[in-house]
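Chains, contacts and geometry: an overview
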Amino acid sequence: MSPAPKSSAPACCANPLLRPGHRQAWPLVLLYLCAGGALLAVLQGAAGLSDGGAAVLVLGSSAAVLYLLLYRSGTPRELAACRDYVHRLNLASAVFSAAREGIVVTDLEGRVEAVNPAFCQITGYGEAELQGFNLRLLKSGRQDGAFYRQLWRDLLESGHWQGEIWNRRKNGETYPQWLTISTVRDEAHQPVSYVGVFLDLSPIRRSEQKLLHLAHHDPLTDLPNRTLFLARLEHALSLSAREGGSGAVLFLDLDRFKDVNDSLGHPTGDRLLCAVAERLRPCLRESDTLARLGGDEFLLLLETAATPERAAVVAEKLLEQLAAPFRLDDRSEVYVGASIGICLYPADGDNATTLIQHADSALYQAKAAGRHTFRFYSEVQTRQADARLALEAALRRGLEKEEFLLYYQPQVDLRTASLEGVEALVRWRLPGGELVPPARFIPLAEEAGLILPLGEWVLRQACRQMQQWVARGLPIRRVAVNLSSRQFRQADLLQRINAILAETGLAPRYLELEITESLLMDNSAQVDAKLEALEAMGIRLAIDDFGTGYSSLSYLKRFPLHTLKLDRSFIRDIADDPVSSNIVASIIELGQHLDMDILAEGVETDQQRGILLQNGCRTCQGYLFSHPLPAEELEARWLQAAAGHEARPCN
């Protein structure tokens with residue numbers, strides 16, 4: 001190892017025995033080494049140290065530096081100064097090693113020269129792993145380049161930087177530090193190294209988070225408390241005012257809770273409140289907030305798309321959950337219900353206080369109505385929600401009791417008025433004989449999850465009826481059945497359709513499935529695979545209400561589609577609105593170029609028929625030719641008349 005050039009001792013380790021003007025009574029050598037053993041400086045000469053009187057005195061050592069003083073003689077005063085120097089160096093070394101803050105010494109390029117034990121404990125790195133490595137190794141990535149450029153700008157200009165920074169431990173965990181970086185300079189005031197001292201803020205942050213959680217949550221149930229609920233409600237109201245959304249506040253009060261406290265004691269009442277919270281949580285979305293207001297009162301915030309119907313569904317679900325008994329211990333089985341008041345924003349109020357008051361008012365209406373029920377702040381909304389829930393209950397009963405039936409609307413050749421096919425349309429006949437319009441119960445079936453059993457029933461009945469017509473040789477080419485998006489997304493859709501075809505005996509070529517444009521916008525491989533599989537089975541595929549959704553030329557080319565159904569909204573105005581007329585003409589021309597059939601819905605006048613024929617459309621359905629008809633009436637009016645006396649299977 002070659003010795004470094006002679007130089008003065010750095011200011012940080014100035015030797016009191018070497019100050020200017022000091023009388024040098026004896027030869028002195030000060031060796032300044034780094035932890036790795038490299039010689040940094042040799043101070044004074046080493047002459048005359050070879051005789052037996054030479055002695056070695058260790059002045060101080062640490063992970064960073066090692067000072068050696070070799071001397072042979074000196075005055076008592078000089079030796080006392082030397083001992084004092086030794087003491088101060090040892091003290092500095094002890095502080096470096098014992099400090100609970102992490103300490104690191106780097107060169108001017110940021111390469112590690114020394115770290116203390118606390119640094120290793122906090123970061124998870126051993127001292128040997130870090131020697132010579134740049135501190136960039138510890139960057140978390142949470143601060144951007146601008147942050148570090150400002151840090152270095154401040155450090156170079158003032159010789160000092162202090163602030164919060166996020167770094168990464170060896171195990172990959174990121175954590176916050178409070179870091180102070182200082183520049184170490186020599187006697188010429190030139191920077192020679194940097195010293196960083198930092199405090200791990202993770203324990204402090206965890207304590208802060210715990211205190212913050214306690215300040216905003218109920219200590220018994222761990223639900224948000226009134227403070228947090230009000231903050232979230234105010235934020236939701238601001239968002240609603242800015243973006244035009246709607247929401248709902250539900251005020252829930254347990255029925256007969258006081259009886260539980262009085263008969264079983266307050267500890268049992270506390271366990272009941274915790275059990276209620278645990279039972280209600282799974283009923284809610286992540287965006288909803290359930291809070292305990294105090295006692296047996298709870299508040300629920302529905303932030304997004306909270307229509308009266310959705311609020312009623314949630315309230316009904318909560319009441320259903322609370323109707324089951326609570327088993328709190330081996331002895332106690334407790335029954336409690338609840339009453340719920342509902343108000344909507346912005347319709348019922350635009351500030352948190354007003355909304356909670358209105359929900360509380362609706363709660364008292366619910367209690368007055370007999371408990372274990374809910375009421376809206378507006379009586380009109382209460383009646384609407386009641387009607388909707390009653391309709392849903394009737395819909396469920398209707399499926400069980402087979403109150404549904406199919407009507408068939410003819411699809412007609414515009415030129416000859418002959419029958420091409422039919423579309424199967426579900427109708428619901430109540431026990432009193434009243435027919436419920438599809439616009440009332442189809443959306444409800446979708447929302448209530450009943451569209452799957454209803455849709456499968458429609459498909460089975462349509463296939464069974466079609467097979468009967470085909471077997472009798474009646475002249476009909478196909479039956480079209482609407483397939484809901486939820487049906488289409490069933491993993492076993494193909495197996496279900498195959499099973500229905502096998503059960504009814506209908507050949508796939510007689511079936512056409514109508515799907516919506518929005519379903520095709522889902523660019524998933526499953527959509528591609530299902531459509532190709534259906535087409536391979538021989539089933540025809542049609543796009544319903546084309547032009548009203550996300551009409552895209554790309555999926556017309558991409559998917560194996562056979563028919564485009566022009567929406568009735570275009571047909572209705574085709575004679576009076578040039579825009580609608582041009583749209584219809586363009587879609588017909590597009591379909592012809594793609595070798596697809598075009599079917600116009602909602603044709604009601606001869607003028608509409610003439611315009612469609614003029615533009616090349618060949619097939620339609622609408623009141624001009626026929627309303628939807630029961631199977632028997634369709635057969636009498638269309639099939640038997642067309643078949644004459646030579647009925648035969650059609651191909």
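All values derive from a computational prediction rather than experimental measurement. (Residues numbered from 1 in each chain as written. Predicted model: local features only at pLDDT ≥ 70, side-chain atom pairs only at ≥ 80, totals over all residues. Heavy atoms only, no water.)

**Some thoughts on the overall build of the protein chain**
When helices and strands are counted, the protein chain shows 22 helices and 26 strands. In the protein chain, which comprises 651 residues, the proportion classed as buried is 45%. Accessible area of the protein chain: about 32500 Å², with a carbon and sulfur share of 52%. (Helix = DSSP H or I, 4+ residues; strand = E, 2+ residues; numbered from the N terminus. Buried < 20%, exposed > 50% of the residue type's maximum accessible area, 1.4 Å probe, protein only. Areas by Shrake-Rupley, 256 points an atom, 1.4 Å probe, with all protein chains shown as cover.)

**Digging into the pairing of strand E22 (residues 540–546)**
Buried residues dominate E22, accounting for six of its seven residues. In this structure, strand E21 (residues 511–515) lies alongside E22, joined through four bridges in parallel fashion. Bridging from a neighbouring strand, Leu 513 pairs with Leu 541 of E22. (Pairing = 2+ DSSP bridges.)

**Brief notes about the sheet that holds strand E10 (residues 247–254)**
With mixed pairing, the five strands of this open sheet are ordered in space as E11-E12-E10-E15-E16. Of all strands in the sheet, those with a lone pairing partner are strand E11 (289–294) and strand E16 (374–376), marking the two edges. Sheet twist, expressed as the average angle between the axes of neighbouring strands with direction ignored, equals 20 degrees. In terms of strand pairing, E10 meets strand E12 (residues 297–302) through six bridges, oriented antiparallel. Across the sheet, residue Leu 250 finds its bridge partner in E12, namely Leu 300. Against the sheet, helix H6 (residues 226–243) engages E10, E11, E12 and strand E15 (338–345), with an angle of about 25 degrees to E12. (Axes fitted to C-alpha atoms, helices over the stretch in contact; angles between N-to-C directions. Contact = heavy atoms within 4.5 Å.)

**Examining the confidence of the model for the protein chain**
On average, the protein chain scores 82 in pLDDT, and the residues at 70 or more come to 83%. Here residues 1–73 is a poorly scored stretch, pLDDT under 50, and it has 140 contacts once near neighbours within four places are set aside; other chains count. This stretch, residues 645–651, has a pLDDT under 50; its non-local contacts, to residues over four places away or in other chains, come to 12 contacts. (pLDDT = per-residue confidence, 0-100.)

**Overview of helix H13 (residues 451–471)**
Between its first and last C-alpha atoms H13 spans 30 Å; for 21 residues at 1.5 Å apiece the expected length is 30 Å, and the two agree. Listed in full, the buried residues belonging to H13 are Ile 451, Leu 454, Gly 455, Val 458, Leu 459, Ala 462, Cys 463, Gln 465, Met 466, Trp 469 and Val 470. Downstream of H13 by one or two residues, Gly 473 has phi in the positive range, about 75 degrees. (Expected span 1.5 Å × (residues − 1).)

**Some points on the pattern of salt bridges**
Side chains that differ in charge, positive against negative, can pair when their charged atoms come close. For the structure shown, the criterion picks out 30 salt bridges. The closest approach of N and O atoms between Glu 512 and Arg 540, which form a salt bridge, is 3.1 Å. In this pair, Glu 512 sits in strand E21 while Arg 540 sits in strand E22, placing the two residues 28 residues apart along the sequence. Look at Arg 540 and you get buried, because its relative accessible area is 17%. (Salt bridge = Lys/Arg side-chain N within 4 Å of Asp/Glu carboxyl O.)

**Some thoughts on the nonpolar core**
Judged by nonpolar contacts, the single largest core of 77 residues is most densely connected at Trp 469, Leu 513 and Leu 612. Residue contributions to this core peak at nine residues, all from H13. (Core = buried A, V, L, I, M, F, W, Y, C linked by side-chain atoms within 4.5 Å.)

**Comments concerning the sheet that holds strand E8 (residues 174–185)**
In spatial order, the strands read E6-E5-E9-E8-E7; together these five strands make up an open sheet with antiparallel pairing. The sheet is open, and its two borders are formed by strand E6 (112–115) and strand E7 (160–168), each paired with just one other strand. On average, each strand axis in the sheet is tilted by 25 degrees relative to the strand beside it, whichever way the strands run. In terms of strand pairing, E7 meets E8 through nine bridges, oriented antiparallel. Paired with Gln 162 across the two strands is Thr 180, which belongs to E8.

**Notes on the side chain of Asn 167**
Here Asn 167 shows up in strand E7. Accessibility expressed as a relative area gives 10% for Asn 167, which makes it buried. Within the structure, the side chain of Asn 167 is placed 3.2 Å from the side chain of Gln 177, a separation counted as a polar contact. Those residues within four positions of Asn 167 in sequence are excluded, and the remaining contacts are Leu 138, Lys 139, Ser 140, Glu 173, Thr 174, Tyr 175 and Gln 177. (Polar contact = N/O pair within 3.5 Å; in protein donor to acceptor, adjacent residues only side chain to side chain.)

**Considering the packing of aromatic side chains**
Scanning the entire structure with this criterion turns up nine aromatic pairs. Ring centres 5.3 Å apart and planes at 70 degrees place the aromatic pair Tyr 408 and Trp 469 in the edge-to-face group. Linking Tyr 408 in strand E17 (residues 404–413) with Trp 469 in helix H13, this pair joins segments that are 61 residues apart in sequence. On the basis of relative accessibility, which here comes to 2%, the residue Tyr 408 falls in the buried class. (Phe/Tyr/Trp six-rings, centres within 6.5 Å; stacked < 30°, edge-to-face > 60°.)

**Section: a nonpolar patch on the surface**
Judged by side-chain polarity, Trp 178, Leu 199 and Ile 204 come together as a nonpolar surface patch covering roughly 260 Å² of accessible area. Turning to its location among the elements, Leu 199 is positioned in strand E9 (residues 191–200). (Patch = residues over 30% accessible without salt bridge, like charges linked within 9 Å, V, L, I, M, F, W, Y side chains within 5 Å.)

**Remarks on the packing of H6 against helix H10 (residues 352–368)**
Where H6 meets H10, the axes come as close as 10 Å, and the angle between the chain directions of the two elements is 110 degrees. When the axis of H6 is compared with that of H10, the two are roughly perpendicular. Residues Phe 229, Leu 230, Leu 233, Glu 234 and Leu 237 of H6 form the contact with H10, whose own contacting residues are Ala 352, Leu 355 and Ile 356. Here the contact of H6 with H10 is built from residues that sort into seven nonpolar, no polar and one charged. (Parallel < 35°, antiparallel > 145°, perpendicular 65-115°, else oblique. Nonpolar A, V, L, I, M, F, W, Y, C, P; charged D, E, K, R; others polar.)

**Section: helix H8 (residues 266–280)**
A rise of 1.5 Å per residue sets the reference length of H8, with its 15 residues, at 21 Å; its end C-alpha atoms lie 21 Å apart and thus fit the reference within 8%. Every buried residue of H8 is accounted for by Thr 268, Gly 269, Leu 272, Leu 273, Val 276, Ala 277, Arg 279 and Leu 280.

**Quick notes on the side chain of His 358**
The residue His 358 is located in helix H10 in this model. The class for His 358 is buried, based on a relative accessible area of 18%. With residues near it in sequence (within four places) discarded, His 358 still touches Cys 343, Asp 348 and Tyr 377.

**Quick notes on unusual backbone geometry**
The amide bond that connects Tyr 345 to the next residue, Pro 346, takes the cis arrangement and shows omega of 10 degrees. Here Pro 346 is to be found in the loop between E15 and H10. A positive phi is found at Asp 222, a non-glycine position, where the angle reads about 65 degrees. Along the chain, Asp 222 falls in the loop between helix H5 (202–216) and H6. In this structure Asp 222 comes out as partly exposed when scored by relative accessible area, which is 42%.

**What to know about the environment of Ala 323**
Along the polypeptide, Ala 323 turns up in helix H9 (residues 308–323). Residue class for Ala 323 comes out partly exposed when judged on its relative accessible area of 42%. In the structure, Ala 323 is positioned 49 residues away from His 372 in sequence and 8.4 Å away in space, judged by C-alpha atoms. Filtering out sequence-adjacent residues up to four positions away, Ala 323 remains in contact with Tyr 335 and His 372.

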